[in-house]
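Here is how the chains run, residue by residue.
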Amino acid sequence: MANTGNTLLALITGAAIGAGVGLLYAPDSGDKTRKKLKKDAQKAQDNINKRYHETSSNLTDKAKKARVDFEQRLEETLSSASHKADDILSAMETKLEELRKQNAKLQKDKSGKSAGNSPDKAVV
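Model, not experiment: these values are computed from the prediction.

How each quantity is defined
- Residues numbered from 1 in each chain as written.
- Predicted model: local features only at pLDDT ≥ 70, side-chain atom pairs only at ≥ 80, totals over all residues.
- Heavy atoms only, no water.
- 1 Å grid on protein atoms, 1.4 Å probe; cavity = no way out; pocket = protein on both sides within 12 Å on 5 of 7 lines; lining within 4 Å.
- Points joined across faces, edges and corners; volume = space filled by probe spheres on them.
- Helix = DSSP H or I, 4+ residues; strand = E, 2+ residues; numbered from the N terminus.
- Nonpolar A, V, L, I, M, F, W, Y, C, P; charged D, E, K, R; others polar.
- Salt bridge = Lys/Arg side-chain N within 4 Å of Asp/Glu carboxyl O.
- Buried < 20%, exposed > 50% of the residue type's maximum accessible area, 1.4 Å probe, protein only.

### Things to note about the layout of surface pockets
Then, in step 1: A volume near 170 Å³ is recorded for the second largest pocket.
Then, in step 2: The wall of the second largest pocket is formed by Thr 4, Gly 5, Thr 7, Leu 8, Ile 48, Arg 51, Tyr 52, Thr 55 and Ser 56.
Then, in step 3: Secondary-structure elements contributing two or more residues to the lining of the second largest pocket are α1 (2–24) and α2 (30–116).
Then, in step 4: The element contributing the most residues to the lining of the second largest pocket is α2, with five residues.
Then, in step 5: Considered class by class, the residues forming the lining of the second largest pocket number three nonpolar, five polar and one charged.

### Remarks on the pattern of salt bridges
Then, in step 1: Here the structure, examined in full by the defined rule, presents four salt bridges.
Then, in step 2: A salt bridge links Lys 35 to Asp 31; the shortest N-O distance between them is 3.9 Å. On the criterion of helical spacing, the pair formed by Lys 35 and Asp 31 is a turn pair, its members being four residues apart in helix α2.
Then, in step 3: On the basis of relative accessibility, which here comes to 43%, the residue Asp 31 falls in the partly exposed class.
Then, in step 4: Among the ionic pairs, Arg 73 bridges to Asp 69, the shortest N-O distance being 3.4 Å. Placement of both Arg 73 and Asp 69 in helix α2 is noted, with a separation of four residues, approximately one turn of the helix.
Then, in step 5: On the basis of relative accessibility, which here comes to 52%, the residue Arg 73 falls in the exposed class.

Right under this line is the structure:
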């Protein structure tokens, strides 16, 4: 990007210096020299416009490609995160079910011990 700016600056500087030197050593009349300068200036302007449009088009294409690439990576990341979240939720549900079964077993064991023995009360 900076290289394009330097090239453009060099082109403009060279054109200005060339035009100045051309005026000093011009063998033609003023009218012919002015026409020649106008023609050269128009060529330089057309060249600059062409390069500007090419650069603009290239940047637009690169921006579109970068956007598509970003959207694709974002979709992949979101999909991966969704799958990981599903795996975590599934593991948590499995663990919760195991804990419920253990709790039910402990409750059953506790009530079985309490029914068979005297209540766990403190005697004063």
